[in-house]
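Now for the letters of each chain:
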Amino acid sequence: MASDNKDWELEEGIPQVEDPFIQQYLKGRNALIAEEQKRRHDATFRRTLSPIAAQACKIVSQIRAREQNEVWTQGLDDATAHESDEILYPGVMFHHAKGRMEKTNLWKIVEKMPKGSLLHAHMDAMFDIDFLVDQAFSTPGMHISAPAPLITKQDFESALFGFEFVSKPETATDKPAIWSEQYEASTLIPIQTAASSFPNGGEAGFREWVKSRCMIMPEHSYKHHHGVDAIWKIFKGCFGVINSILMYEPIFRACLRRMLGQLAADGIRYVEFRIVLRIPFRKEGSDEPETDHAEFFRVFEEEMNQFKESEAGKNFYEARIIWCSLRILPNADLVEDMKNCIAMKQSFPDVICGFDLVGQEDTGRSLVDLVPILFWFKKQCAEEGEDIPFFFHAGETLGDGDATDKNLFDAILLGTRRIGHGFSLYKHPLLIDLVKEKNIMVECCPISNEILRLTSSIKSHPLPAMLSRGVPVSLCNDDPAILGHGKNGLTHDFWQVMQGLENVDLAGLAMMVQNSIQWSCYEDQTTAEWKAEIGEGILGEGIKAARLREFYSDFEKFCEWVVMEFAEFDEDD
């Protein structure tokens, strides 16, 4: 058949691939592609790959190609498959892919990969929800309350409620259940009592209900036609429930230990957590909440140092905190929060490493509106002898030219050292040049952007546009517990990017790990020191250079493991 086709083509005068002028065209085409590749974020990294690393990259790409054909093609030939959501393809929506991805060879590889630093992660959205609920049940004195009875379907889906520790609870058992119309507002009910009387399945149903109020469920993430504001309403509602459990010392300690262990096991060696401290912290056995945040930071620092001394944390460098204020707050509340930030920085200088404004950008105050208060903050820091750098969320929006989109301009002008999300940055060619010139890195959270309805899947994410222009990027997980990852760490986001984007292979992931290390705030630095150390890279003499060298050593050992473990996939053998 091939011969007949060729004869027909020759008879019709159709040029053949081997013809000199077609070969000349293909040569020019390949040269053009190669020229563009030189401008990508990973071009220099790629040129310095060792032979074993280059071989590992090739093997991983071959595994990816095989799995794209064998694992991610279900339902493509079935005209009715879409009716039961059976269609699978490379880059399919996260929740459709999740169960299957964790059984692939590509997952096994990415899970073992050294991942450097996690730089964009909201602490209270990272704790294993099942474990958190278990802690609420196993910790004596935990109670539930609500401003009104929880009765209707709407109540169970969105009404306010929370948990609280009580050292000496009343023993009366005749109080109306929280699920009863006779329930008195804000009455504290022991968690076991409330669970046993839960109208939709007793304790098991209660646990599932609490969990559902702490997470964005898969069905919510699929409904992109409902828009961003609708999913954010669900998202914001999760934090109050989580923090009402979390901000009691014994529970916080247990959850933090577990979470640090999960991150370290995933190959992460340094973390910068973001957190808004709006719910007061309670010491163990205390009915009275703390009047400041010192006890929270003391416990955090103590647990983190103990973890570093443990076997699980022997390779873990550090965890620090970027203080976050809600961007929706009025100036008076922001000033109070900023004063608290400075005070805690003075008391815990090794813990706090920066400042950010969080909350939904589209509905919060724009950075330009906050410029006066941000200048005041910088002045107060200088007067107190502190330098607290900015790490702003900016451009986490679908807007194009609106106030939220323009937060990117102000973030850069205000001297942010990194940009959180930067989803709309690709629309701004001038700003792309500026972030490169000023060595500003983008903290990219692809799964978060999908679930919060900014993009339908990794296939339509702007990440490739940034990488192709040489913008420095690191991959982050943002809010893994609330978003339904089911596991802590970075493996889901790493896997999703490499499996869904053809131009990002193992070397591309490794380059983003290198970025995460170079842009880590391991120690306090002036702006000049920060920029100088980033520019020096692995050739410098500072802590970042030392940790880059450690990563290169770890990556080389990892590549050796890939070559040995998956030798059967090396098609040149």
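One structure accompanies this document, and this report is about it. A quick note: this is a predicted structure, and the numbers were derived from the prediction, not measured.

1. Things to note about the overall build of the protein
Across its full length, the protein carries 25 helices and eleven strands. Relative to its length of 573 residues, the protein is compact, with a C-alpha radius of gyration of 26 Å against a globular reference of 25 Å. Put simply, of all contacts in the protein between residues at least 6 apart along the chain, 75% involve residues at least 24 apart. In the protein, which carries 59 positive and 91 negative side-chain charges, the distance between the mean positions of the two groups comes to 3 Å.

2. Some thoughts on the sheet that holds strand β3 (residues 162-165)
If you trace the three strands from one edge of the open sheet to the other, you get β3-β2-β4, paired in antiparallel fashion. Only two strands of the sheet have a single partner each, and these edge strands are β3 and β4 (189-190). Across the face of the sheet, helix α12 (residues 228-246) comes into contact with β2 (142-145) and β3 while running at roughly 10 degrees to β3.

3. What to know about helix α16 (residues 367-383)
When the terminal C-alpha atoms of α16 are compared, their 23 Å separation across 17 residues agrees well with the 24 Å that a helix rising 1.5 Å per residue should span. Isoleucine 373 marks the point of greatest bend in α16, at about 35 degrees. Among the residues of α16, those classed as buried are Leu367, Leu370, Ile373, Leu374, Phe377, Gln380 and Cys381. Here the buried face of α16 lies against α15 (331-347), β7 (352-358) and α17 (407-413).

4. Digging into the packing of helix α6 (residues 105-112) against helix α22 (residues 491-500)
Between α6 and α22, the shortest axis-to-axis distance is 9 Å and the interhelical angle comes to 130 degrees. Considering their axes alone, α6 and α22 lie oblique with respect to each other. In this structure, the crossing between α6 and α22 has a hand that is right-handed. Residues Leu106, Trp107, Val110 and Glu111 of α6 form the contact with α22, whose participating residues are Thr491, His492, Phe494, Trp495, Met498 and Gln499.

5. Considering the pairing of strand β6 (residues 318-326)
For β6, the tally of buried residues reaches seven of nine residues, placing the bulk of the element in the interior. The pairing of strand β5 (residues 268-275) with β6 spans six bridges and is parallel. Residue pairing for β6: isoleucine 275 is matched across the bridge by tryptophan 323. Across six bridges, the pairing between β6 and β7 is parallel. Pairing of tryptophan 323 across the sheet is with phenylalanine 355, part of β7. Handedness of the β-α-β unit built from β6, α15 and β7 comes out right-handed.

6. Overview of helix α5 (residues 94-101)
Residues of α5 that are buried: Phe94, His95, Ala97, Lys98 and Met101. Down the axis of α5, the buried side of the element spans an arc of 155 degrees, and every buried residue falls inside it. Those residues of α5 hidden inside the fold are in contact with α6, α11 (218-222), α19 (446-451), α21 (480-483) and α22.

7. Here's the deal with the packing of aromatic side chains
The final tally for this structure, using the stated rule, is 40 aromatic pairs. Ring plane angle 75 degrees and centroid distance 5.9 Å describe the contact between phenylalanine 161 and phenylalanine 163, whose orientation is recorded as edge-to-face. Judged by relative accessible area, phenylalanine 161 falls into the buried class, the value being 9%. Taken together, the aromatic side chains of Phe45, Phe551, Tyr552, Phe555, Phe558, Trp561, Phe566 and Phe569 make up a single cluster linked through ring pairs. Taking NZ or CZ as reference, arginine 547 lies 3.8 Å from the ring centre of tyrosine 317, over its face.

8. Structural notes on the pattern of salt bridges
Close approach of charged atoms allows side chains of opposite charge to pair. On inspection of all chains with the given rule, the structure shows 34 salt bridges. A salt bridge links lysine 308 to glutamate 318; the shortest N-O distance between them is 3.2 Å. Within this pair, whereas lysine 308 is found in helix α14 (residues 294-309), its partner glutamate 318 is found in strand β6, the two being separated by ten residues in sequence. Judged by relative accessible area, which is 24%, lysine 308 ranks as partly exposed. Residues participating in the shared-partner salt-bridge network are Glu249, Arg253, Arg257, Glu295, Arg298, Glu302 and Glu303.

Cut-offs and rules
- Residues numbered from 1 in each chain as written.
- Predicted model: local features only at pLDDT ≥ 70, side-chain atom pairs only at ≥ 80, totals over all residues.
- Heavy atoms only, no water.
- Helix = DSSP H or I, 4+ residues; strand = E, 2+ residues; numbered from the N terminus.
- Rg over C-alpha atoms; globule rule 2.2 N^0.38 Å.
- Contact = heavy atoms within 4.5 Å.
- Lys, Arg positive; Asp, Glu negative; His and termini not counted.
- Charge placed at Lys NZ, Arg CZ, Asp CG, Glu CD.
- Pairing = 2+ DSSP bridges.
- Axes fitted to C-alpha atoms, helices over the stretch in contact; angles between N-to-C directions.
- Expected span 1.5 Å × (residues − 1).
- Bend = angle between axes of the 7 residues up to and from the residue.
- Buried < 20%, exposed > 50% of the residue type's maximum accessible area, 1.4 Å probe, protein only.
- Parallel < 35°, antiparallel > 145°, perpendicular 65-115°, else oblique.
- Left-handed = near helix turned anticlockwise from the far one by under 90°.
- Right-handed = clockwise from strand over helix to strand, strands pointing away.
- Arc of directions from axis to C-beta.
- Phe/Tyr/Trp six-rings, centres within 6.5 Å; stacked < 30°, edge-to-face > 60°.
- Lys NZ or Arg CZ within 6 Å of the ring centre and 35° of its normal.
- Salt bridge = Lys/Arg side-chain N within 4 Å of Asp/Glu carboxyl O.

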